[in-house]
Amino acid sequence: MKLNFILKWVACVITLCGALATSMRVDPLNIYLLNTGALLYLIWSLRIKEWNLVVINAGLLAIYIVGLFY
């Protein structure tokens, strides 16, 4: 249970830092932070078997990865 708690809150902080970096136009740090946050949330959602969060975070990662190459 403790690992889930840590994953959830680390993902939250990293995602918020990514949003802050985006609002301040700090590229490419914002992309790395948002990808890391989505990946951690994806891992957490798989661990707790919350399938709507799996879909959302897998979708976000796919969008971010396409954006990196586009």
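Here goes a summary of the coordinates provided. What you see is a predicted model, and the numbers here were worked out from it, not measured in a lab.

Quick look at the packing of aromatic side chains
Part 1 of the argument: By the definition in use, this model includes two aromatic pairs.
Part 2 of the argument: Between phenylalanine 5 and tryptophan 9, the ring centres sit 6.5 Å apart and the planes meet at 55 degrees, which makes this aromatic pair tilted. Placement of both phenylalanine 5 and tryptophan 9 in helix α1 (residues 2-23) is noted, with a separation of four residues, approximately one turn of the helix.

Comments concerning the environment of asparagine 30
Part 1 of the argument: Here asparagine 30 is to be found in helix α2 (residues 29-48).
Part 2 of the argument: Taking the relative accessible area as the measure of exposure, asparagine 30 reaches 7% and is therefore buried.
Part 3 of the argument: Dropping the residues within four chain positions of it, asparagine 30 is found in contact with Gly18, Ala21 and Thr22.
Part 4 of the argument: For asparagine 30, the side chain forms a polar contact with the side chain of aspartate 27, separated by 3.0 Å.

A word on the nonpolar core
Across soluble globular proteins, nonpolar side chains show a tendency to be buried alongside one another.
Part 1 of the argument: Ranked by size, the top nonpolar core spans eight residues in total: Leu7, Ala11, Ile14, Ala21, Leu33, Leu40, Tyr41 and Trp44.
Part 2 of the argument: Counting only elements with at least two residues in this core, the list comes to α1 and α2.
Part 3 of the argument: When residues no more than four places from it in sequence are discounted, the contact partners of tyrosine 41 are Lys8, Ala11, Cys12, Thr15 and Asn57.

Observations regarding unusual backbone geometry
Part 1 of the argument: Looking along the chain, the bond that leaves aspartate 27 and enters proline 28 is cis, with omega of 0 degrees.
Part 2 of the argument: On the secondary structure map, proline 28 appears in the loop between α1 and α2.
Part 3 of the argument: The backbone of arginine 25 sits at a positive phi, close to 55 degrees, despite the residue not being glycine.
Part 4 of the argument: Mapped onto the elements, arginine 25 comes out in the loop between α1 and α2.
Part 5 of the argument: The phi torsion at lysine 49 lies on the positive side, around 55 degrees, for a residue other than glycine.
Part 6 of the argument: Topologically, lysine 49 is positioned in the loop between α2 and α3 (51-69).

So, the packing of α1 against α2
Part 1 of the argument: At a minimum axis distance of 8 Å, the contact between α1 and α2 shows a crossing angle of 155 degrees. On the basis of the axis angle, α1 is roughly antiparallel to α2. As α1 packs across α2, the resulting crossing turns out to be left-handed.
Part 2 of the argument: Across the contact of α1 with α2, the residue classes tally to 17 nonpolar, seven polar and two charged.

Analysis parameters
- Residues numbered from 1 in each chain as written.
- Predicted model: local features only at pLDDT ≥ 70, side-chain atom pairs only at ≥ 80, totals over all residues.
- Heavy atoms only, no water.
- Phe/Tyr/Trp six-rings, centres within 6.5 Å; stacked < 30°, edge-to-face > 60°.
- Helix = DSSP H or I, 4+ residues; strand = E, 2+ residues; numbered from the N terminus.
- Buried < 20%, exposed > 50% of the residue type's maximum accessible area, 1.4 Å probe, protein only.
- Contact = heavy atoms within 4.5 Å.
- Polar contact = N/O pair within 3.5 Å; in protein donor to acceptor, adjacent residues only side chain to side chain.
- Core = buried A, V, L, I, M, F, W, Y, C linked by side-chain atoms within 4.5 Å.
- Axes fitted to C-alpha atoms, helices over the stretch in contact; angles between N-to-C directions.
- Parallel < 35°, antiparallel > 145°, perpendicular 65-115°, else oblique.
- Left-handed = near helix turned anticlockwise from the far one by under 90°.
- Nonpolar A, V, L, I, M, F, W, Y, C, P; charged D, E, K, R; others polar.

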